Amino acid sequence: MDFNTLVPGKAGLAGIDADALLVVVLGAKVPSSIEGPIGSALAEAVAGGDFALKAGQLLYAHRVAGVKARRLAFVWAADVGAKAMRRAVTAGVALVKSGGASHLAVAVAGAPSPMDAAAAEALVLATHDATYVYRATKPSAPSAPKLERVTLVCAAAEQPDLAGGLLRGESIAAGVALARECANRPANHCTPTYLAEQAEKLGKSHGFKVEVLDRKDCERLGMGSFLSVAQGSDQPPKFIVMRWMGAGKDVAPLVLVGKGITFDTGGISIKPAAEMDEMKFDMGGAASVLGTLRAVAGAKARVNLIGLIPACENMPSGRAVKPGDVVKSLSGQTIEILNTDAEGRLILCDALTYAERFKPAAVVDIATLTGACVIALGHHRSGLFSTDEALAGELLAAGDTALDPAWRMPLDEEYDEALKSNFADMANVGPRAGGAITAAMFLKRFTAKLRWAHLDIAGTAWRSGANKGATGRPVPLLARWVLARAAEAGRGEKPPKPAGPRQASRATRTKKS
Ligand code: BES
Ligand code: MN
Ligand code: ZN
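Residues numbered from 1 in each chain as written. Chains lettered and ligands numbered in written order. Predicted model: local features only at pLDDT ≥ 70, side-chain atom pairs only at ≥ 80, totals over all residues. Heavy atoms only, no water.

A. Up close: the site of ligand 1. Taken together, 16 residues are adjacent to ligand 1, and Asp264, Lys271, Asp341, Glu343 and Gly371 come closest. In this structure, Lys259 approaches ligand 1 through a side-chain N or O atom, which is 3.2 Å from an oxygen atom. A distance of 3.4 Å separates a nitrogen atom of ligand 1 from a polar atom in the backbone of Leu369. Alone, ligand 1 offers 510 Å² of accessible surface; in the complex the protein occludes 76% of this. Looking at the shell around ligand 1 residue by residue, the class counts come to five nonpolar, four polar and seven charged. (Near = heavy atom within 4 Å. Polar contact = N/O pair within 3.5 Å; in protein donor to acceptor, adjacent residues only side chain to side chain. Areas by Shrake-Rupley, 256 points an atom, 1.4 Å probe, with all protein chains shown as cover. Nonpolar A, V, L, I, M, F, W, Y, C, P; charged D, E, K, R; others polar.)

B. Layout of the coordination of the manganese ion (ligand 2). Coordination sphere of the manganese ion (ligand 2), protein contribution only: Asp264 (OD), Asp341 (O), Asp341 (OD) and Glu343 (OE), at 2.0 to 2.2 Å. Around the manganese ion (ligand 2) sit six donor atoms; with metal-centred angles ranging over 70 to 169°, the donor geometry is irregular. Between the donor residues of the manganese ion (ligand 2), the gaps in sequence give the motif D-x76-D-x1-E. The metal-metal distance between the manganese ion (ligand 2) and the zinc ion (ligand 3) is 3.2 Å, with Asp264 coordinating both. Separated by 77 residues along the polypeptide, Asp264 in strand S10 (residues 260-264) and Asp341 in the loop between strand S13 (334-336) and helix H9 (344-355) bring together distant segments of the chain. Accessibility expressed as a relative area gives 22% for Asp341, which makes it partly exposed. (Donors = N, O, S within 2.8 Å, 3.2 Å for Na, K, Ca; no water. Tetrahedral: all angles 85-135°; square planar, octahedral: opposite > 155°, others 65-115°. Helix = DSSP H or I, 4+ residues; strand = E, 2+ residues; numbered from the N terminus. Buried < 20%, exposed > 50% of the residue type's maximum accessible area, 1.4 Å probe, protein only.)

C. Local environment of the nonpolar core. Counting residues in hydrophobic clusters, the biggest one holds 95 residues, and the most contacted among them are Leu123, Leu195, Met242, Leu290, Val364, Leu455 and Trp481. If you tally residues by element for this core, the top one is helix H4 (residues 159-184), at nine residues. Of the residues that make up this core, three or more belong to each of domain 1 (2-171) and domain 2 (202-490 + 504-508). Residues contacting Leu123, with those up to four places away along its chain left out, are Phe3, Val89, Val106, Val150, Leu152 and Leu166. Residues Val321, Ala355, Ala367 and Met409 belong to the second largest nonpolar core, which totals 48 residues. (Core = buried A, V, L, I, M, F, W, Y, C linked by side-chain atoms within 4.5 Å. Domains from an automatic or database assignment. Contact = heavy atoms within 4.5 Å.)

D. Quick look at the sheet that holds strand S3 (residues 58-62). Strand order in the open sheet formed by six strands is S1-S6-S5-S2-S4-S3, and the pairing between neighbours is mixed. The sheet terminates laterally at strand S1 (2-6) and S3, the two strands that pair on one side only. On average, adjacent strands in this sheet sit at an angle of 20° to one another, irrespective of strand direction. Sheet analysis places strand S2 (residues 20-26) next to strand S4 (residues 71-77), joined by seven bridges and oriented parallel. Bridging from a neighbouring strand, Val24 pairs with Val75 of S4. This element, H4, spans S1 and strand S6 (149-153) of the sheet and lies at about 175° to S1. (Pairing = 2+ DSSP bridges. Axes fitted to C-alpha atoms, helices over the stretch in contact; angles between N-to-C directions.)

E. Examining the coordination of the zinc ion (ligand 3) more closely. Here the zinc ion (ligand 3) is held by Lys259 (NZ), Asp264 (OD), Asp282 (OD) and Glu343 (OE), and the distances to it run 2.0 to 2.4 Å. Taken together, the six donor atoms coordinating the zinc ion (ligand 3) span angles of 78 to 175° at the metal, a pattern that classifies the geometry as octahedral.

Rendered as structure tokens:
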């Protein structure tokens, strides 16, 4: 799908050459800026009570005399901000997508202030979201709508800013789509090996190095905690390392760590049968790391970004780890595994220790970590935990602007008590109360040398029920954060040559397992 901007000519909106024109109407009265046949159609609809100037209003008109676009739709929006734009475009696209429109133009009428880049970004993300169809294992699914081009109609002064927003939106949307595709795939397709292959493919197409460590490599390193989760499964574990080097070699990288449990049965502490299928989404953190790398590399951002994905299945078997077993983590600390279903923290802790070797500027781990986080925050905000005030602030702000919000949760040392063990340096679970916090407290024990934040996305990575499926969150938050850091660092610096895909294939080194 292509996005562009357009400043209308003399004929105004009526002269716009597109299959469908979506007019986002703002304000409490018919905007005086819409003239001609479109203005009359709108005024008539409002006067006749067919279109009220308030939330949720949508009107479709076909072949309005004097209007070049065959399909004309009006949708009301509260303001010209990103959130209002997302809501309006989602409704508007749904209206035209079932038809044959392949070129949609979107115009805003009655805006008291100019649209900003974040709203343009939201328009792109909403369009992609509204047209996404999962087909990988469902060939009978209706084919995706044939929408090919979306044109944002704007004033000349707004054009450069909005064009930038559209461009950024396109790379973020591609990242969201990749994350959704990966996470939606069932666990018999999306195995640790599949995730590693996806990473390698992405490295080749987008110009970054990918290295895949296998079980032996991880044993040699001493990742006893990660491997204890993997040991019950017949699927070989993979530890994936991706490196986008868009800035100078000596610039400290950002590191993302994604939980890559491709299926979570709970292990010997097995989960109940109901809804266990949803544990195929337990690699949502890993998917968001892949998606963010795609977004950042696609934007050729001048930043160094490392993606780490410990990937394995959590299965019960004769070889599986048992409650009470004690394992030694890469950090040297020992862990008593009291509940094998608290496996996410066991694979993340070794990845966090591994992250130290990159001397990172900041590390963020992303995980569908606890059911308790869903109880605490529901499905709207991800849980954010951080020992670093500045980092927490950056991530919260990124989430707010990207419409992918998070909420800060506490890490008081009092919660640490819960992890005491008589047989190891720590237990992997505490009591039920405050479960999202004790999980984060467990991770915190592996981050003394890092600027660290943790995102618990158990409530936001996928939807249940009739519209079951991955959301692609928190790719928008993460991509926003990384791109903002890149822009910050790039200020006053002369532009380096970003690595293109050609250079990339030479640079891609893959360790075969
Ligand atoms: N993957 C789950 C977390 C989860 C549960 C996400 C439900 C989304 C919906 C995680 O591995 C897990 O099983 N966590 C346990 C931890 C408990 C044993 C301390 C949980 O939340 O019940
Ligand atoms: Mn689990
Ligand atoms: Zn899990």
